[in-house]
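Notes for the structure review
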Amino acid sequence: ESSGIECSRADSFIATTWWTAHIAHDALRATGGERFLYLIQEYEPFTFPMGSYAALASESYRFPHNAVFSSELLREYFRAHAIGVFEAGGSTGDGRSVAFQNAITRVQPPSSAELAHRSPRRLLFYARPEPHAARNMFELGVLALSRAARDGAFAGGWKLHGIGTVDRGRRISLGGGAALQLLPRSDQRFYAGVLREHDVGLALMYTPHPSLVPLEMASAGMLTVTNSFENKTPEAMTAISSNLITVDPTVQGVVVGLHEAIDGAGDVDRRLRGSDVSWSSDWEDSFGDELLHSVVAMLGETRVAAV
């Protein structure tokens, strides 16, 4: 769709999605290059129904490249399944890849007094009903909230909010006298404030990436229900924050997690301890000197034409 870019045979290319990986691969064939640098932010076939896009996304990992993975958990998934740079073996893949942590929104946790005396309690659901966000399992989350409401989990006047959707002002009845109010999208400053105002989080993603939202919820002092996926185990997620309650990606699994989080909302000490997440909240830390030196080495030079 564009008129193209000027480049030389000395230029390197960075792809940030599966479709720009196809472009970078074609550009290398035109310029005689060997590999491009692939910023892999998810196992992207999982972001589509099984079809052409999923197949083309899968193909992109078979192009010659070096990889920068968005999280070590995602890198471990590629290693376990011998995908992409790991197709030739673990040691080869380790030598041709690095991993970093996307910086999460910096949130100042509420004080112990705020947490202890907040009334009514509030739950925040990462609610993304749009088809392109199917991996966030909106429907499964609503089903679990509905079942928890019928169980009486929200007795006492809990307020239930959803965030992340482009819809404005939508209200979803959950039964049992409970309803989910979808909040409009907001900027980062407002978003950080919303996190501080809630006690329990629900953020699901049916992929190997840990997702940033549950980590941000945990850092705000929320007991946060999220789901497991292969190597994204409860142990791996608890190592990031003890506020993360990682359950099976089933309705019953999420319901059990919600009950645990709701019952523990009054444990202020637990919530404050868990707000100290083992994850970057500063891009200077995410892209520190050691990682950047590795990236430059994989590129082979510092001059880059970004695709």
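Because the structure is a prediction, the values reported are computed rather than measured.

So, about the packing of aromatic side chains. Enumeration according to the criterion identifies 22 aromatic pairs in this entry. Taking the centre distance of 5.6 Å and the plane angle of 20° together, the rings of Tyr38 and Tyr61 count as stacked. Of the two residues, Tyr38 sits in strand 2 (residues 36-40) while Tyr61 sits in the loop between helix 2 (52-60) and strand 3 (65-70), which places them 23 residues apart along the sequence. Neither residue differs from the other here; Tyr38 and Tyr61 are each classed as buried. Every member of this aromatic cluster is reached through a ring pair, and the members are Phe36, Tyr38, Tyr43, Phe46, Tyr61, Phe69, Tyr77, Phe78, Phe86, Tyr206 and Phe229.

Here the focus is the sheet that holds strand 7 (residues 171-175). Pairing is mixed in the open sheet, where seven strands are placed in the order 7-8-6-5-9-10-11. Each edge of the open sheet is held by one strand with a lone partner, namely strand 7 and strand 11 (244-247). Strand-to-strand twist across the sheet, computed as the mean angle between neighbouring axes with direction ignored, equals 25°. One ladder, built from five bridges, connects strand 5 (residues 122-126) with strand 6 (residues 159-163); its direction is parallel.

Turning next to the side chain of Asp11. With respect to the helices, strands and loops of the structure, Asp11 is situated in the segment before strand 1 (12-15). Reaching out from Asp11, the side chain makes a polar contact with the backbone nitrogen of Ser8 at a distance of 2.8 Å.

Put simply, Ser119 and Pro120 share a cis peptide bond, and its omega is -5°. For Pro120, the position within the fold is in the loop between helix 5 (112-117) and strand 5. One non-glycine residue, Ala82, lies in positive phi territory at about 55°.

Glancing now at the pattern of salt bridges. The tally for this structure, following the rule as stated, stands at twelve salt bridges. A salt bridge links Asp26 to Arg29; the nearest nitrogen and oxygen atoms lie 2.6 Å apart. Of this pair, Asp26 and Arg29 are both found in helix 1 (residues 18-31), three residues apart, which corresponds to roughly one turn of the helix. We classify Asp26 as partly exposed; its relative accessible area is 40%. Between Arg196 and Glu114 there is a salt bridge, with its nearest N and O atoms 3.6 Å apart. A residue pair is termed long-range when its members are at least 10 positions apart, and Arg196 in helix 7 (residues 188-196) and Glu114 in helix 5 qualify at 82 residues. For Arg196, a relative accessible area of 25% puts it in the partly exposed group. The network of salt bridges with common partners includes Glu72, Arg75, Arg79 and Asp94.

The rules behind each value
Residues numbered from 1 in each chain as written. Predicted model: local features only at pLDDT ≥ 70, side-chain atom pairs only at ≥ 80, totals over all residues. Heavy atoms only, no water. Phe/Tyr/Trp six-rings, centres within 6.5 Å; stacked < 30°, edge-to-face > 60°. Helix = DSSP H or I, 4+ residues; strand = E, 2+ residues; numbered from the N terminus. Buried < 20%, exposed > 50% of the residue type's maximum accessible area, 1.4 Å probe, protein only. Pairing = 2+ DSSP bridges. Axes fitted to C-alpha atoms, helices over the stretch in contact; angles between N-to-C directions. Polar contact = N/O pair within 3.5 Å; in protein donor to acceptor, adjacent residues only side chain to side chain. Salt bridge = Lys/Arg side-chain N within 4 Å of Asp/Glu carboxyl O.

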